[in-house]
Amino acid sequence: MIDIKMVGVLGAGTMGNGIAHVFARSGFGVLLCEVEQQFLNRGIETIRKNLDRELSKGKISAEDKELALGRITGTLDRGALAECDFAVEAATERFEVKAQLFAELDELLPAHAILASNTSSISITRLAAQTRRPEQVIGMHFFNPVPVMKLVEVIRGLQTSQTTYDTVKALSERLGKTPVEVNDAAGFVSNRVLMPLLNEAMYAVMEGVATAQAVDEVFKLGMAHPMGPLTLADFIGLDVCLDIMRVLQDGLGDPKYRPCPLLIRMVDAGWLGRKSGRGFYEYDG
């Protein structure tokens, strides 16, 4: 297995800063790479706040917090990633964006390095084909909020080597996560099952079967879900839900994955859920 010391994380948004957080807290050096300083500053500030939350709950010490922050270096220069043994991208859920990143990472990182994607639905095999090291490309799908959620879907592309899989499985365990092996297919397991559920809940609202609040209450009280499907969709981001539904529709070719027209209209309106202040619910701040 590959000895990983320095990790590159591309993207300091919700998932990227969470991934950088858990790597730094677990003793790895982290290069957190963004395209604009404001996004980088926001990501590092979020990491600081989340470490403070862990400190207040007694999960880490003040020394642990400072050591973790000291392991993270923010950069706008992707060239700095040349010193990394492992890189994971957490860019927007669009194949064209991720494909360009993988081609660039392939040029930048040393020959031994593993390239991972935090994609929640896009084919690892297609991403690997953008590189000259497809056997060293793998999916490492974390769940939000990353510092809290234990699961990592570890997705094998068609050409992913056993050494790459074994390395990432062990890496996930070092982060305190539980890796679950999944083969490459649109949506993997998590979103192939979850997104059609959220999409159908949206149809129920669109067709006047029930209000968003009523749909969520049915799932919380009747199915013991901690969060109703429409609250969850707002939390994930309605634009992300739409992107994933389109990946499922294109990748699996089944009309049952057709995105709900209400979802499309809401995204067109800029109602993206919690992050925009309005989705199926309204949010302050």
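The structure displayed is predicted, hence computed values, not measured ones. Every residue gets a number counted from 1 within its own chain, in the order that chain's sequence is written. Side-chain atom pairs in this predicted model are given and counted only at pLDDT of 80 or more, local residue features only at pLDDT of at least 70, and totals for whole chains, interfaces and linings cover all residues. In computing side-chain values, all of the structure's heavy atoms are included and hydrogens and water are not.

A. Up close: the pattern of salt bridges. For salt bridges, the criterion is a side-chain nitrogen of Lys or Arg within 4 Å of an Asp or Glu carboxyl oxygen. What the rule picks out here adds up to 17 salt bridges. Among the ionic pairs, E89 bridges to K98, the shortest N-O distance being 2.9 Å. The residue R278 makes a salt bridge to E282 at a minimum N-O spacing of 3.9 Å. The exposure class assigned to R278 is partly exposed, which follows from its relative accessible area of 34%. According to the relative accessible area criterion, E282 is exposed, its value standing at 62%. Exposure is judged per residue with a 1.4 Å probe applied to protein chains only, and the accessible area is read against the type maximum: over 50% gives exposed, under 20% gives buried, and values in between give partly exposed.

B. The arrangement of the UniProt feature "site: Important for catalytic activity" (unreviewed entry) in the protein chain in detail. UniProt positions are given in the numbering used here, feature names are shortened, and annotations may be inferred rather than shown by experiment. UniProt's feature table lists "site: Important for catalytic activity" (unreviewed entry) at H141, given in the numbering used throughout. In what follows, residue pairs with any heavy atoms lying within 4.5 Å of each other are defined as contacts. Beyond its immediate sequence surroundings of up to four residues, H141 is in contact with S117, N118, T119, S120, L151, V152, E153, I155, S190 and N191. In protein, a polar contact means a hydrogen-donor-capable atom and an acceptor-capable atom, both N or O and within 3.5 Å, with residues adjacent in sequence counting only if both atoms are side-chain atoms; elsewhere, any N or O pair within 3.5 Å suffices. Polar contacts involving the side chain of H141 include one to the side chain of E153, which spans 2.8 Å.

C. Inspection of the packing of helix α7 (residues 190-206) against helix α8 (residues 212-222) at higher detail. Orientation is described by lines fitted to C-alpha atoms, with helices fitted over the stretch in contact, and by angles between N-to-C directions that extend from 0 to 180 degrees. Numbering of helices and strands starts at the N terminus; helices are DSSP runs of H or I of at least 4 residues and strands are runs of E of at least 2. Direction vectors running N to C along α7 and α8 enclose 135°, while the axes themselves pass 9 Å from each other. It follows that α7 is oblique to α8 by the angle criterion. α8 is crossed by α7, and the crossing has right-handed handedness. Of the residues in α8, those touching α7 at L197, A201, A204 and V205 are A212, V215 and F219. Three classes are used: nonpolar for Ala, Val, Leu, Ile, Met, Phe, Trp, Tyr, Cys and Pro, charged for Asp, Glu, Lys and Arg, and polar for all others, with Gly counted as polar. Partitioning the contact of α7 with α8 into residue classes produces seven nonpolar, no polar and no charged. For this classification, under 35 degrees means roughly parallel, over 145 means roughly antiparallel, 65 to 115 means roughly perpendicular, and everything else is oblique. In this scheme, a crossing is called left-handed if the near helix is turned counterclockwise away from the far one by less than a right angle; it is called right-handed if the turn is clockwise.

D. Spatial organisation of the domain arrangement of the protein chain. Here the protein chain is described as being made up of domain 1 (6-183) and domain 2 (191-275). All the domain ranges listed were derived from an automatic or database domain assignment. Taking the mean C-alpha position of each, domain 1 and domain 2 sit 27 Å from one another. Domain 1 puts seven residues into the contact, and the matching count from domain 2 is five residues. Taken together, the connections running from domain 1 to domain 2 amount to one salt bridge.

E. Fine view of the nonpolar core. Here, nonpolar core means buried Ala, Val, Leu, Ile, Met, Phe, Trp, Tyr and Cys residues that are tied together by side-chain atoms lying within 4.5 Å of each other. Among the nonpolar cores identified, the biggest contains 35 residues, and V9, I19, F23, L32, F86, M140 and F142 are the most heavily contacted of them. Considering every element that reaches this core, the biggest residue donor is helix α1 (residues 14-25), with six residues. Core analysis: the second largest hydrophobic core is formed by 28 residues, L198, A204, Y257 and L272 among them.

F. Just the environment of D106, in detail. Relative to the helices and strands, D106 resides in helix α4 (residues 95-108). D106 gets classed as buried once you look at its relative accessible area, which sits at 7%. In this structure the side chain of D106 is engaged in a polar contact, spanning 2.8 Å, whose partner is the backbone nitrogen of R132. Side chain to side chain, D106 and R133 meet in a polar contact 2.7 Å long.

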